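Summary of structural features
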Amino acid sequence: MKSLGIGLIGTGYMGKCHALAWNSVLPVFGDIPRPRLVHLAEANPDLATQRAAEFGFEQATGDWRELIANPDVDVVSITTPNAFHAEMAIAALEAGKHVWCEKPMAPALADAERMADAAKASGKTTVLGYNYIQNPMMRHISQLLAEDTIGTVNHVRVEMDEDFMADPTATFYWKSEASSGYGALDDFGVHPLSLLHYLFGNVSRVMASMAKPFPTRPLKDGTPRDVETFDIASVLFELETGASGVMALNRSAWGRKGRIALQIFGSRGTITYDQERMNEFQLYTTSDRGTEQGFRTILTAPAHEPYNRFIPAPGHGLGFNDLKIIECHELLNKIDGRPSQTIGFAEGLDIERAVHAMAQSHREQRWIAV
Ligand code: NAD
C-alpha cells in the first residue's frame, strides 16, 4: 500500500477526532505506511491555518473545493454539519478520492441515494463515521451471537440518551434547524441503528413517534426561535431476522452523557451493554449451572482484538477517540482490499431508509415497511 495523502474538511468535535486518528493510526497498528496530512479546510481561513498547525497538516484553506482539487489528496475526511455531506462527498468521489464521511449521510434520502450512486460510479472506498461498531466489546458480542451463545435472538431493546440539548435556555444552533434533519432520529438514532445493522442486518418495518420537549430555543440576543427538529423519538421495529425490538432516543435527557444501552434477549441467554461503560458487557447464559446462573461482567482485554494494539494489559480500557483510530485503520484496510468491518455508503443507505421510514411512520401514525 502506498502512503496516502489526507484532506480534512471541518475541525470541530469530529474534525479533531479524525485528525487524532490520522496521527495515531500508524503508531497504534504499525502495519500501514504513514498517512501524509496534506490539506485542511475550514469555513474560516484563519481558523484553518491555526488548526493545520495544531493537527499537523501541510496546507490550509478556507475553500474546501481547493482541497478536493489538490492532486496530492487521496482520502477526504468530511466532518462538517450534516447538510454539507452530500455536496462534499460527491465532489470528492468525482475527483477520484476515497471518502471518510461523518454520519448521517445526508438529511434528505435523495441526497443519500446520490452519495451511494456516486460511490458506486467512482469505484472508490467510502466509510461512514459509525464508530461504535468498532468497539472490541461490540465485535466480541457479534462473535458470541454468531456462535449461538445466547440462542435465537427474539427481542432487542436499545436506548440512546444524552443531555447536550436538555437545557431549554441553551442558544439555538444548527441541530435545531430542519436543514440538519429530523433531530434525534437521524442525528443520533443512526448510531444504535448502526449497531443493529452490524449485529443483525436490516430493520424490516417500523412504527415511530417523535416529540419536541422545547418548541422554541433562544437566539444569541434572547429572541425565541421555533425549534424545527425533534429531540425525542420512540420506535417499535422488527428485524429481518424476525426479532422484535424497541428503540428509545432522547438528546434532552438530563444526566445521560453517552448512553447507548443495548439488551439482546435470546432463547438461551441475554447480553447487555452500555456505551457509558464501553469497556465491559454483561453475559447471562443458561449453559451455566443453575446454582451459579447470573450476569457476569466481561472486561475488555487483549483477547478482544484490536484492544491489544493499544494496550498489552487487560481491564485498562479504551476511549471514544480510540474507536475512531480503529475506524481509520478499517478504512485503510478497505482501501487496500483487506477484510474490513465498516459501514460504507451502500450499507449506510439501509440505515437512512430505516430513518426515513420512521419519520414517515410518525407523520402517518402507522407501521411502515423499510
Ligand atoms: P462541529 O460544529 O463541532 O464542527 C463542524 C465544523 O465544520 C466546524 O469547525 C465548522 O466551522 C466546519 N464547517 C462548517 N461548514 C464548513 C465549510 N463549508 N467548509 C469547511 N468547514 C466547515 O460539529 P461536529 O459535532 O463535529 O459534527 C460534525 C459532523 O460529525 C456531523 O455530521 C455530526 O453528525 C457528526 N458527529 C459524529 C459523531 C460520532 O460519534 N461519529 C459525534 C458527533 C458528531
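Everything here concerns the structure above.
Read on for an overview of the structure. (Residues numbered from 1 in each chain as written. Predicted model: local features only at pLDDT ≥ 70, side-chain atom pairs only at ≥ 80, totals over all residues. Heavy atoms only, no water.)

Let's shift gears to the site of the ligand. The ligand sits among 26 residues. The nearest are Met14, Glu42, Asn82, Glu102 and Asn131. Within the backbone of Thr80, one N or O atom sits 3.3 Å away from an oxygen atom of the ligand. In the environment of the ligand, an oxygen atom lies 2.5 Å from a nitrogen or oxygen atom belonging to the side chain of Asn82. Starting from 850 Å² of accessible surface for the ligand in isolation, the protein chains cover 83%. Of all the secondary structure elements, the ones that give two or more residues to the shell around the ligand are helix H1 (13-29), helix H4 (85-94) and helix H10 (320-335). Counting the residues that make up the shell around the ligand, at least three belong to each of domain 1 (5-130) and domain 2 (132-335 + 343-369). (Near = heavy atom within 4 Å. Polar contact = N/O pair within 3.5 Å; in protein donor to acceptor, adjacent residues only side chain to side chain. Areas by Shrake-Rupley, 256 points an atom, 1.4 Å probe, with all protein chains shown as cover. Helix = DSSP H or I, 4+ residues; strand = E, 2+ residues; numbered from the N terminus. Domains from an automatic or database assignment.)

Structurally, the position occupied by Thr300 is in the loop between strand E16 (296-299) and helix H9 (307-310). What Thr300 contacts, discounting residues up to four positions off in sequence, is Met137, Asn279, Tyr307, Pro314, Gly315 and Gly317. (Contact = heavy atoms within 4.5 Å.)

Put simply, the largest pocket is a space of about 810 Å³. Taken together, 36 residues line the largest pocket, and the ones lying closest to its centre are Tyr13, Met14, Thr79, Trp174 and Lys175. Looking at the lining of the largest pocket, the elements that each hand over two or more residues are H1 and H4. With 3 residues, H1 is the single largest residue contributor to the lining of the largest pocket. Looking at the lining of the largest pocket residue by residue, the classes come out as 16 nonpolar, 14 polar and 6 charged. Looking at which domains feed residues into the lining of the largest pocket, each of domain 1 (5-130) and domain 2 (132-335 + 343-369) supplies at least three. Here the second largest pocket is characterised by a volume of approximately 160 Å³. Along the walls of the second largest pocket sit Phe29, Asp31, Arg139, Glu305, Pro306, Arg309, Ile326, His329, Glu330, Asn333 and Pro339, which together make up its complete lining. A per-element tally of the lining of the second largest pocket places H10 first, with 4 residues. Among the residues forming the lining of the second largest pocket, the class breakdown is 4 nonpolar, 2 polar and 5 charged. (1 Å grid on protein atoms, 1.4 Å probe; cavity = no way out; pocket = protein on both sides within 12 Å on 5 of 7 lines; lining within 4 Å. Points joined across faces, edges and corners; volume = space filled by probe spheres on them. Nonpolar A, V, L, I, M, F, W, Y, C, P; charged D, E, K, R; others polar.)

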